[in-house]
Every structure is written in C-alpha cells, then in structure tokens.
Amino acid sequence: MNKRLLTIALVGFFQLTSLLVAAQVSVKDLLVEYRINPVGIDVEEPRFSWAIQSKERGFQQSAYQVLVATSPAKLTEAAADVWNSGKTVSANSVLVAFANHTLLSRQRYFWKVRVWDANGKVSSYSETAYWEMALLKKEDWKAKWISAPKVYNWAAFVANRKIAMKEGQNENPDPAPQFRKTFHIIKKIKQARLYISGIGYNTPSLNGQKIGDRMLDPAFTRYDKTVLYTAYDVSENIRSGENVLGVVLGNGWYNMISKDVWGYDHAPWRNDPALIAQMEIIFEDGSKQTIVSDESWKVAAGPIVFNSIRQGEYYDAGKETPGWNNTGFDDKTWSQPLLVTGPAGKLKVQMLQPIKTAEKIIPKTIAEPQPGLYVFDFGKNIAGFAELKIEAPAGTEITLRYSERLSANGRVDQQDVAQHVAGRIVQTDKYICKGKGVETWRPSFMYHGFQYVEVSGLPAKPGKEMLTAMPVHTAMEQAGTFACSNKLFNDIQEAALSSYQANFMGYPTDCPGREKNGWTGDAHLAAEMGLYNFKGENAYAKWLHDIADEQRPSGEVPAIVPTAGWGYFWGNGPAWDNAMVLIPWYLYQYSGDQRILQQMYPHIKSYVDYLGTKAEDNLIKIGLGDWAPAKTKTPAEITSTAYYYVDAVLLSKMAGIFGYAQDKEKYAALSNKIKATFNKHYYHGAGIYDQGSQTALACAIYQGLSEANLNETVASLVTAVNKADDHLDCGILGTKYLLHALSDNGRSDIAYKIVNQRTFPSWGNWIDQGATTLWEQWNGTESRNHIMYGDVSAWFYKNLAGIAPDNEQPGFKKILFQPYFSPDLTWVKATHQTMYGKIAADWTKEGNTIKYTITIPANTSGEIILPLDKKILVDDIDLEKSAFVKTTKKEKDTFRFLLGSGTYTITIK
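Residues numbered from 1 in each chain as written. Predicted model: local features only at pLDDT ≥ 70, side-chain atom pairs only at ≥ 80, totals over all residues. Heavy atoms only, no water.

(A) Inspection of the overall build of the chain at higher detail. Across its full length, the chain carries 17 helices and 45 strands. Taking 909 residues into account, the globule formula puts the C-alpha radius of gyration at 29 Å, and the chain, at 29 Å, falls close to it. Overall, the chain is about 85 × 85 × 55 Å in size when its C-alpha atoms are taken along their principal axes. For the chain, buried positions account for 61% of its 909 residues. Considering only residue pairs separated by 6 or more positions, the chain has 74% of its internal contacts joining residues 24 or more positions apart. When the accessible surface of the chain is summed, it comes to about 34900 Å², and 50% of that surface belongs to carbon and sulfur atoms. Each charge class in the chain can be summarised by its mean position, and for the 97 positive and 95 negative side chains these summaries are 4 Å apart. (Helix = DSSP H or I, 4+ residues; strand = E, 2+ residues; numbered from the N terminus. Rg over C-alpha atoms; globule rule 2.2 N^0.38 Å. Buried < 20%, exposed > 50% of the residue type's maximum accessible area, 1.4 Å probe, protein only. Contact = heavy atoms within 4.5 Å. Areas by Shrake-Rupley, 256 points an atom, 1.4 Å probe, with all protein chains shown as cover. Lys, Arg positive; Asp, Glu negative; His and termini not counted. Charge placed at Lys NZ, Arg CZ, Asp CG, Glu CD.)

(B) Spatial organisation of the nonpolar core. Judged by nonpolar contacts, the single largest core of 250 residues is most densely connected at Trp50, Trp111, Trp131, Trp763 and Phe897. The element contributing the most residues to this core is helix H10 (residues 636–658), with 13 residues. Within the second largest apolar cluster, 25 residues are counted, among which are Phe183, Ile189, Leu249 and Leu275. (Core = buried A, V, L, I, M, F, W, Y, C linked by side-chain atoms within 4.5 Å.)

(C) Molecular detail of the confidence of the model for the chain. With 95% of its residues at a pLDDT of at least 70, the chain reaches an overall mean of 95. Overall, residues 5–20 carries pLDDT values under 50, and its contacts beyond four positions in sequence, including any with other chains, amount to three contacts. (pLDDT = per-residue confidence, 0-100.)

(D) Layout of the side chain of Gln65. Relative to the helices and strands, Gln65 is located in strand S4 (residues 63–69). Within polar-contact distance, the side chain of Gln65 engages the side chain of Asn84 at 3.0 Å. For Gln65, the side chain forms a polar contact with the side chain of Tyr125, separated by 3.2 Å. (Polar contact = N/O pair within 3.5 Å; in protein donor to acceptor, adjacent residues only side chain to side chain.)

(E) Broad picture of the packing of helix H13 (residues 710–723) against helix H14 (residues 732–743). Orientation of H13 relative to H14, taken along the N-to-C sense of each, is 120°, at an axis distance of 10 Å. The pairing of H13 with H14 is recorded here as oblique in orientation. Crossing of H13 over H14 shows left-handed handedness. Of the residues in H14, those touching H13 at Leu717, Val718 and Val721 are Leu738, Ala741 and Leu742. For the contact of H13 with H14, the residue count by class is six nonpolar, no polar and no charged. (Axes fitted to C-alpha atoms, helices over the stretch in contact; angles between N-to-C directions. Parallel < 35°, antiparallel > 145°, perpendicular 65-115°, else oblique. Left-handed = near helix turned anticlockwise from the far one by under 90°. Nonpolar A, V, L, I, M, F, W, Y, C, P; charged D, E, K, R; others polar.)

(F) Fine view of the packing of helix H4 (residues 487–502) against helix H17 (residues 792–801). Interhelical geometry of H4 versus H17 gives an angle of 130° and a closest axis separation of 9 Å. When the axes of H4 and H17 are compared, the pair comes out oblique. Where H4 approaches H17, its residues Phe489, Ile492, Gln493 and Ala496 are matched on the opposing element by Val792, Ser793, Trp795, Phe796, Tyr797 and Leu800. Across the contact of H4 with H17, the residue classes break down as eight nonpolar, two polar and no charged.

(G) Up close: the pairing of strand S33 (residues 467–474). Counting buried positions along S33 yields eight of eight residues, so the element is predominantly enclosed. The sheet contact formed by strand S24 (residues 355–357) and S33 spans three bridges and is antiparallel. Considered in S33, the bridge of Lys356 is made with His473. (Pairing = 2+ DSSP bridges.)

(H) Just the sheet that holds strand S38 (residues 838–846), in detail. As summarised here, the arrangement of the seven strands in space is S34-S37-S38-S39-S45-S41-S42, forming an open sheet in which the pairing is antiparallel. Looking at strand neighbours, the two that pair on one side only are strand S34 (480–484) and strand S42 (877–878), the edges of this open sheet. In this structure, strand S37 (residues 827–833) lies alongside S38, joined through seven bridges in antiparallel fashion. Across the sheet, Gln833 pairs through a bridge with Lys838, a residue of S38.

(I) Just the sheet that holds strand S40 (residues 861–867), in detail. Reading across the sheet, the five strands line up as S35-S36-S40-S44-S43 and stay open at both edges, with mixed pairing between neighbours. For this open sheet the edge positions go to strand S35 (803–805) and strand S43 (885–891), each flanked by a neighbour on one side alone. The sheet shows a mean angle of 25° between the axes of neighbouring strands, taken without regard to direction. Where S43 lies against strand S44 (residues 894–899), five bridges are found, and the strand directions are antiparallel. When the bridges of S44 are listed, Lys890 appears paired with Phe895.

(J) Fine view of empty space enclosed by the protein. Scanning the entire structure with this criterion turns up four cavities of 30 Å³ or more. Each pocket or cavity is described by its volume, and for the largest cavity that value is around 160 Å³. What lines the largest cavity is a set of 20 residues, among which Asp174, Asn251, Asn255, Asp272 and Pro273 lie closest to the centre. Here the residues of the lining of the largest cavity are counted per class, giving ten nonpolar, five polar and five charged. (1 Å grid on protein atoms, 1.4 Å probe; cavity = no way out; pocket = protein on both sides within 12 Å on 5 of 7 lines; lining within 4 Å. Points joined across faces, edges and corners; volume = space filled by probe spheres on them.)

(K) Spotlight on H14. Along H14, twelve of the twelve residues are buried, which leaves the element largely enclosed by surrounding structure. Within the sequence span of H14, burial applies to Ile732, Leu733, Gly734, Thr735, Lys736, Tyr737, Leu738, Leu739, His740, Ala741, Leu742 and Ser743.

(L) Inspection of the pattern of salt bridges at higher detail. Following the criterion strictly, the structure yields 47 salt bridges and no others. When the shortest N-O distance is used, the salt bridge between Glu515 and Arg514 registers 3.4 Å. Each member of the pair, Glu515 together with Arg514, is buried. Where salt bridges share partners, they join Asp416, Arg514, Glu515, Glu776 and Glu782 into one cluster. (Salt bridge = Lys/Arg side-chain N within 4 Å of Asp/Glu carboxyl O.)

(M) The environment of Ala143, seen in detail. As for its placement among the helices and strands, Ala143 is situated in the loop between strand S9 (129–133) and strand S10 (146–147). Taking C-alpha positions, Ala143 is 8.1 Å from Ile291, a pair spaced 148 residues apart along the chain.

As structure tokens, this is what we get:
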C-alpha cells in the first residue's frame, strides 16, 4: 500500500473510531446553577454542570470544551461570540465556572459542551441549552414601589375592627389589595418578561389568568437586607390589543399582623404590603415596551378581608369584583396607589425552587362530634390547606379550623399551636358564600399544619368531595429513593420525607403549625437526609445567605433565621448556630460546591472568633444542649464545646482548600487545644465521657474527640445502649450522633436494633401510634410534624444501601459503597441522583449468598468496602482476577477495592 492510500485508510479509521466513541458517549442533563434552562438568574459567573452517559465501563473525562453564544446560530467553534473555553484539560464536569466575559442583564445565552475520554477521543457536542440573565443592576429597575391606601372605607374599617376585637384578633388589617394596570399591544411580540416582587406574598395574573403555579411567593427573607423577586416568561400570555396585569398582595411575614412570642409584629422591616413590577416586551421588529409599577396603576380592596400567616385567611365572596384583572372592567372608582420607599433590602432574583402544590388528598373519614360540626380526617399530617367546594345561600359563613390532633371530645385540638399567639385564634380560615351555584375556594396567602379540619356553618351534611387537602412545600426535585424488606424502615423513611417537605417553605422550619420558624439546629440536623432525598442546593444557599444577613458585627448569629430579633434572645449557641458552618460543608461534600464555602468563609471565621470570646479555657457553656431527650439529660457544655471543636476543624479545612495558610494553621491549632481541654475535663477513663450518657459518648465519637480512646468509648456506648434494652436515650443532637458513631465503628448491628424498636422511645413507637410524620417529643407531646429526628433517613442510605460521598473527592466524584448486610433484611434498594448521574445500589440475600448490584456514574469511581473474611466475586469473576478492579487493599477488618464507572454485580459468599 502506498503512502497516500495508507494515509486515507488511517484517516478513515480515526474518523470511524471517533464516530464510534461519539455513539457510545453522550453529554446529557446540562445545568446552569443547578437548574435546567433557567430564565432569570443574577449570578454574574454562572457555573455549568453536565452528566456523561457511556456504554463503556470506567469512562473518565480528561478534557472538555464549552461554547457559549448569544444565539443558537453562533454556537460553533468559529462563531461563538461569548465564550469558547477551547479544549480544557480537566476531569471536572460539575460546577464549571463561566469566565472571560461580562454578562448582560436580560440577555439569553446558549451553550453546549463536548468531552474527551482518557484516551483522547472526543464525544459529539451535547444538545443546546440556555440560560437567561435577570436584572443585574439597580438602575435596570425603572419600576417604583407602590402600596395601597391604608384605609379604603372608614365604615368598613370600624365594622371590621369590631369583628376583630370580638374574635380575639390582634389588630384590624386592611383587606388584601388588588392592583391592576391596563396596557395595549399593537405589534407582534417576540418575547415578554415580568420581573415582580410583591411582599409579603403576591399572586400575579395576566388577562384574568394566574401567571405560573407558584404559591407563597417570594420566599421569606430579612426584608431590610434582601428582597427576592421572580422572573416570569409571559410571552404566551399577552395578546394583541388591550391587556391587564393584575396583582393581589398578602401580608405574609413582611406585615405580620398577629402578636406572637417571637415578635414578628414589630420586626424592623415591618410595613404594609408593597409591590414592584416591571414587564419588558420585545417586539419582532426589535422595538421595546416597558410597563412598570407606578402611580398610574389602580388599586382597590379585594374579597380577602383578613390574612395572617399564623391565624388564617377570611374570604368574603360577596365582595368579589368579577373581571377586575381582565379587560373591559371599569376601574374609575378605584384608588391611585401610594408611592412608597419600599423595603431597604437589595432586590435579588429568587434562585431556589418555588413553593407549589402537586397533589390533592381526599378525606378518609368525616365525623360529626357535635350536631352541625364536622371533622374531616385526611389520614396524614401535612403542611398546606383545604380547598372548599360548596353550594349555599349568599352570606353563609363557613369556618375551617385546622389541627394535627383531636381532643377527647372528637373536635380539633389547637392548644399546642395557639399557646404562643395572642388571642389564640390560629389556623382558622373562613369563607362567606356569594350564593351563585357551586363555589370553589382555597386560601392564597397561608398554609397550616394539619391532619384534621373542623368545619362549621354548613347548610347540610357534607360529602367527601366538599373538602380536599392540598399539601404545599418548596418544590425540590427528588434526588434519592430508598426501600428495603423491613416495612417499619420504609414507614420511617416516608414519615421523614413528609416531615422534611412540610418543613421547607422557602426556608427550613421546625414545624408547620405552632411556629413556622427557621430553627437553625433543626435545619442542620436534617440537612444530610435532605440532600440524599432532594435537590436542595439552591434552597440551602438562599437560606445560608439569610443567616449571613442576620449575623451581627460581633459574629453572633440567631437561633432562628429569619428573625425579628427574638432569635438572639433564646436558643442560639454552637449546637444551633452550626448550621452556618455545617450546611456549606454538606453542600461541598454532596455537590462539590466550593463557591458557597467561599461565600460563607468570612462569616464562619467571624463566628468562630466570636465563640472564642465566649470560651472559658476553650470550653463553651452557652446555648442549648441535647434538646428533647428521651430520658437522660446531657450538659449543654458537652455538645457546645464539641461543636466549637468541629467549627475550628472545618474552618481549618476550608482555609486549606482556598490556600489561606495562616488561617489553616491557626484554626488547626485551636482545634487541638479544644480537643485536649475537652478530654481533660470530660473524659474519666474506661471509655466514659461525663456521666456516660449515650449523647455524651456518641458526641465524643462522632465529633472526632475520642481518637485516643476510641475503642473503649465505642464499647462504653454499646454498653449504654444495651442497658437501655437496645433503645436510644438521646435528644435531637445525640440521636444524630448515635447511629453514625456506632455504624462508623463497626457496630451497625447495634444501630440497626435501635432503629428497629417499636416501644418507647423509638421511631417505631411513633409509627405504631399512627404517625405519618416525625414528632417533636419521643413521648408524643407537642408538635406532630418536626424534622429534627430525620437524619435516620441518611443512615438508611449510608449504612443499609452503603452509599456515601468521599470527603477527599467530594460531590460523589468518588463514591463509597459500604453496606451493612443485616441478618434481618432480605433486600435493600436505593438510588441517588448526583451531579454526575444516578448512583444505584441494591442487594438481595439468598441463603449464604448476597448479590450487591451497584451503578457508578460515568466520570466517577467507586470504592467498595466489604467484610474481610468473605469470598468476593465481581460479575462472577474472582475479585483478584477481575479486569475492572483498579486497586485493592486490606484495612482493619475490611477489604477495599476500586471500580470505575458502570454497573456491576458483586457476589459475597
């Protein structure tokens, strides 16, 4: 063969090889800042993520190329007018930072990516994705803040005040205002965007139709520091000719009208509901039209005559003004809005998922504890509200009272929920009928925690179709699944998921009924289970910035966030405040997010230095301890000092990540001093810390303070559990430590026994009492929907399925598989959707053989950790002979081996 023919043959071979590689490797699931094709972000250096699908095992990305352009047509290597990264040597396919260009407000950008494998073979480009910037600068806002006149009608004001005094309400609020703006369109529209913030909450509509499906929007923030706005694509909602933009405002947390112990009624930001809205329209000919909130709008009182996030919502259908938010309505009698300064906080686009409702629950039973009074039981505890469908004469007043439990007489029991609210009117909605056929209504600006709804005022006995429960929560996408052959564990998992969702409403809460407060301790204790089960990165990032907004110059942070000030008064201290330290670290571990660490670093450093001013010989005695213990109390200084130690350790690690050498050494030295002092004061020999409570022992182990006497302390912990008949004896802190302290040190068998209990105190004891959510107290008193004991779900993933991130290669770049094959189980199945792709792990047991099937996403690896004394096969091939096993090593009583991406069946005999 001559050289020319040889060259042609080689070129053809390489082209064919490239095509084969491209066919076997594809780039999918393109994300910008964790979101698919987001419209409206204000991150000036957004980050790109992609997942790789490969039919070949062991795929590792060696390089990538990202193209960014202002139109799909320009999205080529030669024409990309925003960014061409070129072939960038990197294994990173998660949170790759955009560079080398200033992004513009409102601009839509298009992007795609291709990757190279370890042999230098390149994939095809991905499908095209996009993102769109929001309003990046203050001067981009041409709209003005507007509000409604304070008193619409003096006679109505006086009448409503009398009603309020009679019913024990705290003050007389104005009805929820309805704003409208008429505008005309005479050209063909290319695109239209609505940027809007209406606080407390807003419901926007266009030409009589609600825009989007968001609820309780925007999310609660400290309004004098940060105010969130929403970007809507309304291109399809606008029509030729006359159009009407309508907005209803609710009080929300911005205008708390209820007096409660937490003082939100005198929050520093409190004011009347206010609105800023800006609609920007681009026509096909390139011209533009902007509609802004200003004094040209019209406003009037609506039929929502009362709304308080704590007390409820009252709706008088007889006061409806049909067509008010549509064309052809006469608004001559409507008022001109007030121009107001608005809240002091900076306007930022809402990046976290919105609050939504996704299902309807019909009642299981309807009881009649008293004549004419009906109690609907929906069979599960939720956060949300009921939708009413009724046909009744005009003026019929229907009252709905919500609760998690019933009194002995069969009526709803609101005692726990009402105890901290003046007037004790809570979780109560009212609807006054207009008397025109079947009327359907649900609240707009609140949610309740409930299983039961007591209904009075009905003209006739109801059927189940009259009332439907609607759960609402921040609509995080599902990230994980877990199930096993133990039904109790599946029930606990479902209860944990329900509690988690019910307690995320734009910020993590303790309970949806009594408080709705952002308790920091509850949040960080449940964060890992949250990240296993849901895609919560943006939601947590939002709340971490809320904490930063609340931090005082001294470094102190409150126990509840956002707070009107009460959060500094009671409950704060290391065990709770650690949310600011731990949650960024969890985001780094589970998603590989360094940016949130970088953003929070100065706040964390300030906080740790603040703790130094409170320390007495390196011990911290402030703050709450092991809250809500089953029986035995543990001194708060044990857990507070341990968190001080953890703070110093993690701060040193963060400093190392960012190259802050002095800080790394400084806080490493501090952590060593704290550890030495902790052991000097609290270790009494023979593996005993303090008085030997489960919490004290588990704390020392889990937080890394017992390294010098680890084996003895683990043995003491096992003894303590045995003495409690294999039950836990902890509060919310100790319960998180306990299961991991045991499982991480070879005693998963004891942890399993604890979780598998059905008698007091245990999760199973709750389930056997009919719980569908997790409770606040082991004895069942107080709230019936708390998430602070929810980390057991993370334990299911880590220890029964065996899925865990590796701290050295975070974000599941390297996955640790170390399942506990409990003799009590016959199968376990779990999945977790990482930024790289889906991890799967399931095992089944038949006789003396266990088959453990795992899926490792492309561009990651998995280290499998199994008992040392077992015979192990990989795809029916002896472990030592398998071509897919990269490395093996023996460590203590385990055998470790590394696998590349792919699906494998591991047989353990």
